[in-house]
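# Inside the fold
One letter stands for each residue in the lines below.
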Amino acid sequence: MDEMTGHLLELIRLASTDLPADIEDALKAARDKEDPGSRPAAVLDTILENVRMARTRSTPICQDTGLLNFFVKHPPGASHGEFVEAAGKAAAQATEKNYLRPNAVHPVTGKNTGDNTGEGLPIFYFEEGDPGAWEVSLLLKGGGSENVGAQFKLPDPSLQAGRDLDGVRRVMLQAVLQAQGLGCAPGVLGVGIGGDRAGSMALAKKQLLRPLPDRNPDPELASLEAGLLEEANRMGIGPMGLGGRTTVLGVKAGVGHRHPASYFVSLAYFCWAARRRRLVVNEEGVTLA
Amino acid sequence: MRELTIPVDEATTRALEVGEVVSLSGAMVTARDAAHKYMIETFIEGTPAGEDAALHEILKGHLERGVVYHCGPVVAREKDGWRFVAAGPTTSIREEPYEGRVIAHFGLAGVIGKGGMGAGTLAACREHGCVYLHAVGGAATFIADSVKEVLAVHREDLGTPEAFWVIRVEGFPAVVTMDAKGNSLHDGIRDASTAVFRQVLGLSS
């Protein structure tokens, strides 16, 4: 696991300092949709310049390097405990090297551990994968974007939102309206439909791993995603909430079976600095994507 | 673009209007959640003594017609001090319960953050000739370039993000989104987007 610590440190560095190409392309497309010289064009130009500078200098894209969310597919029988230890060491080293800001604060004492580890941190989602292969996806999710996340329970009469995909659409648009620019728009919406409360939110967060150009294999969900994207952007909230044509870069929805009595819909909001990277370690070697 | 040198006199801030792009130079102080709570409890509602009183004097020196920056930076320790590595704004609305009183207490000329603030801050801006300046959220490496020097750090025990960092900036870029005349760009965008939302969902307005 010593080697794994090294790989995870590089995964964290890359996530914090090098924005994925699909997100950067979407930001460029958003900039090109705005009138030259307009406020939203200037905001997006600053964002894109910052992305380039962070990549070149290997410094954090955003000073809020967020909480580390590891989605781990591990070989059958592998130890979770050893991986957690390796990831904790990597997080501490990354903090030391200023790829991460110390972001683990005790809610009672207010004390910051200083190394991004603590009770419940980093965050892990484990899943069994193929023999001999580790596939580790990392999201760095900032506090501002996490704060505009939301969970709804359908039906919601105030929005005329029933227990169907139109109800999902309504509550999600309400969440985008409430978020305004506070989650650092233009963001990506991860939508979790069904499950229990915790499962619904985890499902929403997991959608953020999907690349922006992918298409949901379920045609009804694909249509929900496309419709939400168009309608959210019609609201004109714009980059950083200062007005403009792009408020949301992408919408990704997933479903889980629910209890007959419950219909939860959750939003995991990813800021424009949608920092996600993937590490694969298998017989062929080590790949960072 | 309007060049502003800190401290900024009241006539200058009162003349600024929503939408104006500014470039700031001079010394400013970072303060976010824990720092605001501390300022209210210790300086404004309490009577500071000892180290708190000393810090109060230092902050008064920087903040009269000065600028508070809502920011929890990434900071590198160097041989002879500190260097800001990444330093974008944090969400300002969390300081809404405090900011009006902080503006009044110190006589601030400006508050920098992101996302805008509420009615209390807007009223304090009007009364004290202060403006709210919006920096681009997440543009942390870009903004850190304008931080030329870390002059001091106070209350480091609050943790790196929450400490008071006194920094000297040159050409710090921002946009006025709440002016001293009672205008807020954020209110306008919230109203316009709410109207579209209600229309899209077919809800009565």
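Residues numbered from 1 in each chain as written. Chains lettered and ligands numbered in written order. Predicted model: local features only at pLDDT ≥ 70, side-chain atom pairs only at ≥ 80, totals over all residues.

We now examine the domain arrangement of chain A. All names here are of chain A. As far as domains go, chain A holds domain 1 (2–15 + 61–142 + 275–288) and domain 2 (144–270). Between the C-alpha centres of domain 1 and domain 2 the distance comes to 26 Å. If you look at the interface, domain 1 gives nine residues, while domain 2 gives nine residues. Every element with two or more residues in the side of domain 1 that touches domain 2 is listed here: β1 (67–74) and β3 (134–141). Sorting elements by how many residues they give to the side of domain 1 that touches domain 2 places β3 first, with three residues. Of the residues contributing to the side of domain 1 that touches domain 2, the split by class is three nonpolar, three polar and three charged. (Domains from an automatic or database assignment. Contact = placed C-beta atoms within 7 Å. Helix = DSSP H or I, 4+ residues; strand = E, 2+ residues; numbered from the N terminus. Nonpolar A, V, L, I, M, F, W, Y, C, P; charged D, E, K, R; others polar.)

A general tendency of soluble globular proteins is for nonpolar side chains to be buried together. Of all hydrophobic cores here, the largest spans 146 residues; its most connected members are Ile12(A), Met172(A), Val191(A) and Leu108(B). If near-sequence neighbours (up to four positions away) are discounted, Val191(A) is found in contact with Val168(A), Met172(A), Ala204(A), Gln207(A), Val251(A), Lys252(A), Ala253(A), Val265(A) and Leu267(A). (Core = buried A, V, L, I, M, F, W, Y, C linked by C-beta atoms within 7 Å. Buried ≥ 20, exposed ≤ 12 C-beta atoms within 10 Å, placed from the backbone.)

Across chain B, pLDDT averages 97, with 100% of residues at or above 70. In the predicted assembly, ipTM is 0.94 and pTM is 0.95. (pLDDT = per-residue confidence, 0-100.)

What follows deals with helix α7 (residues 185–200) of chain B. Residues and elements named next belong to chain B. The first and last C-alpha atoms of α7 sit 23 Å apart over 16 residues, in line with the 22 Å expected at 1.5 Å per residue. Turning to α7, its buried residues are Leu185, His186, Ile189, Ser193 and Phe197. When α7 is viewed along its axis, its buried side chains cluster within an angular range of 95° and face the same direction. Facing away from the buried side of α7, by more than 90 degrees, are the exposed residues Asp191 and Gln199. (Expected span 1.5 Å × (residues − 1). Arc of directions from axis to C-beta.)

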